[in-house]
Amino acid sequence: MTDSYRLAAVMGWPVAHSRSPVMHRYWLERHGLDGDYVKLAVPPDRLGPALRGLANLGFAGCNLTIPHKETALAFLDEVDPQARAIGAVNTITVLPDGKLHGANSDAFGFIANLKAGAPGWTAASGPAVVLGSGGASRAVLAALLQAGVPEIRIVNRTQDRAAALAKQLGADLKVLPWEQRNTALAGANLLVNTTSLGMTGAPALDLSLDALPAAAVVNDIVYVPLETPLLAAARRRGNRVVDGLGMLIHQGRPGFAAWFGIEPEVTPELRARMVATLATP
Ligand code: ATR
């Protein structure tokens, strides 16, 4: 007997804040699919058993959020090379034989959002400047390297952390001290903020855009607020801007396609629904 009902989930701790169900339920509804996407509150010490339980409970797979993205690697049967390079997994698929396959869709989500938000942007057009060296930065750097950006400058408060990340990614990245963040923008074609600066409740991002060419695209990973002070400043001086909510939405696409068998679209209606969820804590 077969059953068309399919389930997927997001595992996190805490998980209550996750907006992923809004997105996946929108796609399920839009495509008339029988299934659901739920939140699973899984404490760190229960991740292994929780993942092993997926197949028995009939889940097609799950997303992972904080604090599971790195620790999950140890519990998977197969890990996609890009996820291995990033050192984190956020999309797990239960294979037909019950084995678990892990991938990372953040790099895909970043580049898909950038291309959708800044049509015509190409990797070959010039250097990129990436602020920050945390988890989000890893995915952004992996995406830019894969896209073939000719020169990547990482600027981070803790320069050693940026240098370690560059070494780990095995690429020729330029690591610059935080004090040089303003001048690092000279000649750049893309600026990406992956730090938490500018987020509601976090300190401001103290950055002068004077050296940034007018043709450069500015992308902020922060999406609360949706229009960060960085994006507002970039827009005022004529740069094209791309907000961070799109990365969150686009990173959901590979999981949905793997679990439910349909390539989902990012529509204005979906974006509007996600924006509405940002208003609630
Ligand atoms: P995530 O995984 O979401 O990327 P993270 O690992 O905490 O989060 O990384 C946050 C990034 O913001 C880091 O690059 C951090 O710089 P450090 O590596 O020096 O910690 C950066 N960041 C946070 N607060 C900062 C501040 N006040 N000034 C400059 N950079 C800051």
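Residues numbered from 1 in each chain as written. Predicted model: local features only at pLDDT ≥ 70, side-chain atom pairs only at ≥ 80, totals over all residues. Heavy atoms only, no water.

(A) Structural context of the sheet that holds strand β2 (residues 35-41). Pairing is mixed in the open sheet, where 6 strands are placed in the order β2-β1-β3-β5-β6-β4. Each edge of the sheet is formed by a strand with only one pairing partner; in this case those strands are β2 and β4 (78-79). As paired strands, strand β1 (residues 6-12) and β2 are joined by 7 bridges and run parallel to one another. Bridging across to β2, valine 10 finds its partner in lysine 39. In the packing of helix α2 (residues 47-56) onto the sheet, contacts are made with β1, β3 (59-64), β5 (91-94) and β6 (100-103), and the angle to β3 comes to roughly 150 degrees. (Pairing = 2+ DSSP bridges. Helix = DSSP H or I, 4+ residues; strand = E, 2+ residues; numbered from the N terminus. Contact = heavy atoms within 4.5 Å. Axes fitted to C-alpha atoms, helices over the stretch in contact; angles between N-to-C directions.)

(B) Here's a closer look at the environment of leucine 7. In this structure, leucine 7 sits in strand β1. Once the C-alpha coordinates of leucine 7 and aspartate 34 are considered, the two residues, 27 residues apart in sequence, prove to be 8.9 Å apart. Aside from chain neighbours lying at most four places away, what touches leucine 7 is Asp36, Val38, Gly58, Phe59, Ala60, Gly61 and Phe260.

(C) Representation of the site of the ligand. Around the ligand, the structure places 14 residues, and the nearest of them are Ser133, Asn156, Arg157, Thr158 and Arg161. Contact between the ligand and arginine 157: an oxygen atom at 2.8 Å from a side-chain N or O atom of the residue. Interatomic distance of 2.5 Å between a side-chain N/O atom of threonine 158 and an oxygen atom of the ligand. Within the complex, the protein chains bury 67% of what would otherwise be the 650 Å² of accessible surface of the ligand. The residue makeup of the shell around the ligand, split by class, is 3 nonpolar, 9 polar and 2 charged. (Near = heavy atom within 4 Å. Polar contact = N/O pair within 3.5 Å; in protein donor to acceptor, adjacent residues only side chain to side chain. Areas by Shrake-Rupley, 256 points an atom, 1.4 Å probe, with all protein chains shown as cover. Nonpolar A, V, L, I, M, F, W, Y, C, P; charged D, E, K, R; others polar.)

(D) Structural detail: the domain arrangement of the protein chain. Segmentation of the protein chain into domains returns domain 1 (6-104 + 248-277) and domain 2 (107-243). Between domain 1 and domain 2, the residue contacts involve 11 residues of the former and 14 residues of the latter. In this structure, arginine 271 engages aspartate 243 in a salt bridge whose closest nitrogen and oxygen atoms are separated by 2.7 Å. Across the contact surface, domain 1 and domain 2 share 3 residue pairs in polar contact (both at pLDDT 80 or more). Elements with a contribution of two residues or more to the side of domain 1 that touches domain 2: α3 (81-86), α8 (245-250), α9 (253-260) and α10 (268-278). When its residues are assigned to classes, the side of domain 1 that touches domain 2 shows 5 nonpolar, 4 polar and 2 charged. (Domains from an automatic or database assignment. Salt bridge = Lys/Arg side-chain N within 4 Å of Asp/Glu carboxyl O.)

(E) Here's a closer look at the packing of helix α1 (residues 20-30) against α10. Contact geometry of α1 with α10 gives a least axis separation of 10 Å together with a crossing angle of 150 degrees. Taken together, the axis directions place α1 and α10 in an arrangement best described as roughly antiparallel. Crossing of α1 over α10 shows right-handed handedness. Residue-level inspection shows Val22, Met23, Tyr26, Trp27 and Glu29 of α1 in contact with α10, the latter providing Glu269, Leu270, Arg273, Met274 and Thr277. Residue classes in the contact of α1 with α10 are distributed as 6 nonpolar, 1 polar and 3 charged. (Parallel < 35°, antiparallel > 145°, perpendicular 65-115°, else oblique. Left-handed = near helix turned anticlockwise from the far one by under 90°.)

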